[in-house]
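Structural characterization, general
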Amino acid sequence: MEQRIGSSSQPLEGAGFDPAFIPGLTSPASEREEDAKAEEPEETAESPVEEDTAPEADADPEAEEPAPDGPVFEASDRRARILADHRGVRLRLDDQECEFRWDEIGAVETETARFGKRYTVTVHTPDRRWYPIEIEAPSRSRFAEWDTELDKVLDAYFDEGGAEETEADAGADRKADADAE
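The following refers to the structure shown. (Residues numbered from 1 in each chain as written. Predicted model: local features only at pLDDT ≥ 70, side-chain atom pairs only at ≥ 80, totals over all residues. Heavy atoms only, no water.)

1. Notes on the nonpolar core
In a soluble, globular protein the nonpolar side chains are often hidden away together inside. We apply this condition: In this text, buried Ala, Val, Leu, Ile, Met, Phe, Trp, Tyr and Cys residues form a nonpolar core when linked through side-chain atoms within 4.5 Å. Relative accessible area decides the class of each residue, using a 1.4 Å probe on protein chains only: under 20% of the type maximum gives buried, over 50% gives exposed, and in between gives partly exposed. For helices the rule is a DSSP run of H or I covering at least 4 residues; for strands it is a run of E covering at least 2, with both sets numbered from the N terminus onward. The criterion used for residue contact is that any of the two residues' heavy atoms lie within 4.5 Å.
Ranked by internal contacts, the top residues of the largest apolar core, which has 22 residues, are F73, I82, V89, L91, W102, Y119 and W146. Of all elements in the fold, only β1 (73–76), β2 (80–85), β3 (88–93), β6 (118–124), β7 (130–136) and α3 (142–158) reach the threshold of two or more residues within this core. When residues in this core are grouped by element, the largest group, six residues, is from α3. The contact partners of L91, leaving out residues within four places of it in the chain, are R81, I82, Q96, E97, C98, F100, V123, Y131 and I133.

Take a look at the structure:
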């Protein structure tokens, strides 16, 4: 009589052991690895020819657009970065990024920590959402510099249409007050 040494059970496959497994849509991981190994030699033979003729799709869109002469605010540390310029405000934390055009921004708020070297910039949108980002400054003296640089950018780009709207709103409010009396 023959006896096998070791376990007689088959390895389990499925979502309990492979979070990427979706029955019917993906094959188990062991089959996917075999498929990938089988496809590699075919792709490498054709890829040098395709790379030479293919246009660059990964070109940076910021490099194509000429930057107008105007104030720019940029602050960053090892994890976070904020950039405010003619296009709007861009926030980045690790691998997460978000971009706000000037017409999408309701307010920009800055705050400094009482103790420590954290500079917080919060972007508020008109639909009552806010997006804060904290940047660790090299020294507390940078807070004043960053505030003045950010104020210059906000004055140049954020308040362009705001002054006209506030004058119109003030005129409408005065008229409504006069009508109410």
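2. A look at the pattern of salt bridges
Spelled out, the test is: For this document, the term salt bridge refers to a Lys or Arg side-chain nitrogen within 4 Å of an Asp or Glu carboxyl oxygen.
This structure, assessed with the given rule, holds eleven salt bridges. Here E136 and R78 are joined by a salt bridge, their closest N and O atoms 3.5 Å apart. On the criterion of sequence distance, the pair formed by E136 in strand β7 and R78 in the loop between β1 and β2 is long-range, its members being 58 residues apart. Judged by its relative accessible area of 68%, R78 is exposed. For E136, a relative accessible area of 29% puts it in the partly exposed group.

3. Remarks on the environment of T122
Along the chain, T122 turns up in strand β6. As for T122 and I133, which are separated by eleven residues in sequence, their C-alpha atoms are 6.3 Å apart. Residue contacts for T122: discarding those within four places in its chain leaves A107, V108, E109, W130, Y131 and P132.

4. Comments concerning the side chain of D85
The line we're drawing: We define a polar contact as two N or O atoms separated by no more than 3.5 Å, with the added condition that, inside protein, one atom must be a possible hydrogen donor and the other a possible acceptor, whereas residues neighbouring each other in sequence contribute only through side-chain atom pairs.
With respect to the secondary-structure elements, D85 resides in strand β2. The class of D85 is buried, set by a relative accessible area of 9%. A polar contact is formed between the side chain of D85 and the backbone nitrogen of R87, at a distance of 3.1 Å. When residues no more than four places from it in sequence are discounted, the contact partners of D85 are P71, V72, R90, W102, V153 and Y157.

It is worth stressing that arrangement in space is one thing and function is another; only the former is reported here.
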